[in-house]
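Survey of secondary and tertiary structure
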Amino acid sequence: MPQAFRMKDILNLCLYWFIGSIVFTQVAFSQVNRNYNSAKNEKQKDSSKESIKLNLRLGSPFFNPNMPECVLQIAIQANPTPENKVNAGINIVFLIDVSATMFRSGNIQFVKTAIDSIKNTLNRTDNLAVVAFSSEASILSNLKILGTGSWLTQLLDTLESGSSTNMQAGLLAAYSVLERGDQPGSVNRIILFTDGVTNARQNIPDEITEKIQLSKNRGIQLSIFGLGQDIDTEQLTTWAKYGNGNFYAVLETQLTEQLSTEISTLLAPVATQLQIALEYPNTMKIRKFLGKGTQIEFGKTIAQLPVIQENKNYTWIATFDPPASKQPVTPKVTVTYFDPNKKRTIQFEQTITLKPTDDSSTNFLTDPEVRYAVVIQEATLFAQQIEKLIHNNSWNQAQETCNQAIGYIQTYYPNPTEPATQALFQQLQKYQELIDGNVADSK
């Protein structure tokens, strides 16, 4: 097989996995709320009338020191909004890289076309702004009501080519636009388009990351579209993660479709500024906290999502070392979010108790729903690791990791039939074929 053709296949496969993994995750978590017997919460506020419903489940209601780990599943469901729902205001800043390479490659035209195409998707009362950057940043428009969108089309036509890529200047300018125009309960998002890495001398990635994290706590989300083959995928993915947003490594011809998908996540949310805070006794030592928007910091374990859409489900998995004491332990989860319809912040909590047992044969994943969620989360992590190894041509390590991932799924699902586990398993098999072929060629 020609090398050029093989590398093209690899890049396409990585792209298909990135897009497909989003689908797999959505399918998986939509399947999570099935009719299994729920573990009973010890303390629960009736949230049936709230926009967000919380459900806690344990992998097993019992623990002993011989178990490999203890597992807690945290799941939320966005209830249908009332007919008289109020749409939260939407503020978007389009942050556009106008460095010389964006114009030479023609990517700038794809960006202009994609942005112009979303005028009919948004409400006329939504607010947009445009910031361009190369060696310096320029605020071309502060937040302005979209209206017919004709002003936006005209503004995009004025974009001119610059030189280098000073993302720090661009991000600081974009955040300043939203900070000046922020309103409680509004949905605030920066959407960055770039084809390269930050290369201006004054750019310090740590400072950018700190700004992104601080702004996230104010409800400003950052999503990034990377164009071309010279993007720093790892850095941009990290920034999007810290900004509670999404990273898209897209082909130029797919940009319009992917931007439409991104914009659709902003429309008619049932909740904004969601925070899941997990508290647990000192006798429990956390290992992992898996799921979207998670952070484990000293004295704080949280998950944050800037916007929740109607009828959407999200699941997080927390794993702990089995407590050394023989006393019951009771983790607590507090949910806080802004309700755009009620125009106020809502907060409630639930607890669930894990009880000691002397039975050393106790299985730590007796609950089938929790087991399903754990397998999906862990297998997805495996797949992300494999994708990076393939990208770096680390074929032997990729082969070992892929075999581990397939074995992991088969441990719990010898013949995967659930849509998400089956899709993950099949995708891993495709990776395995690609990896095995390259390992054989290298010998």
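In the block above lies the structure referred to throughout.
Residues numbered from 1 in each chain as written. Predicted model: local features only at pLDDT ≥ 70, side-chain atom pairs only at ≥ 80, totals over all residues. Heavy atoms only, no water.

Side note on the sheet that holds strand β12 (residues 285-290)
A sheet is described by the order of its strands in space; here four strands give the open sequence β2-β4-β15-β12, paired in antiparallel fashion. Two strands in the sheet have a free side with no partner beyond their single neighbour: β2 (52-58) and β12. Averaged over all adjacent pairs, the angle separating strand axes in this sheet is 20°, with direction ignored. Sheet analysis places β2 next to strand β4 (residues 70-78), joined by seven bridges and oriented antiparallel. Following the sheet pairing, L54 is matched in β4 by I76. (Pairing = 2+ DSSP bridges. Helix = DSSP H or I, 4+ residues; strand = E, 2+ residues; numbered from the N terminus. Axes fitted to C-alpha atoms, helices over the stretch in contact; angles between N-to-C directions.)

Some remarks on the sheet that holds strand β7 (residues 137-145)
Strands belonging to one sheet form pairs held by backbone hydrogen bonds; the direction of such a pair is parallel or antiparallel. If you trace the six strands from one edge of the open sheet to the other, you get β7-β6-β5-β8-β9-β10, paired in mixed fashion. Looking at which strands have only one partner, the edges of the open sheet turn out to be β7 and β10 (247-250). Each neighbouring strand pair of the sheet contributes to a mean axis angle of 15°, computed without reference to strand direction. Relative to strand β9 (residues 220-227), strand β8 (residues 187-194) runs parallel, the two sharing seven bridges. Residue pairing in the sheet places T194 in a bridge with G226 of β9. Helix α3 (residues 107-117) rests against β5 (90-97), β8 and β9 of the sheet, and its axis sits at about 170° to β5. (Contact = heavy atoms within 4.5 Å.)

A word on the pattern of salt bridges
Once their charged atoms are close, side chains differing in charge can pair, the charge on each being opposite to the other. A complete count under the given rule lists eleven salt bridges for this structure. Put simply, R57, D367 and E369 are held in one network by salt bridges that share partners. (Salt bridge = Lys/Arg side-chain N within 4 Å of Asp/Glu carboxyl O.)

Re the nonpolar core
Among the nonpolar cores identified, the biggest contains 67 residues, and I74, I308 and W316 are the most heavily contacted of them. Ranked by the residues each element gives to this core, the list is headed by helix α9 (residues 368-391), at twelve residues. Apart from residues no more than four positions distant in its own chain, I74 is found in contact with L54, N55, L56, I276, L278, F289, Y314, T315, W316 and V333. Counting residues in each nonpolar core, the second largest holds 33 residues, with I92, L146, L152 and V187 among its members. (Core = buried A, V, L, I, M, F, W, Y, C linked by side-chain atoms within 4.5 Å. Buried < 20%, exposed > 50% of the residue type's maximum accessible area, 1.4 Å probe, protein only.)

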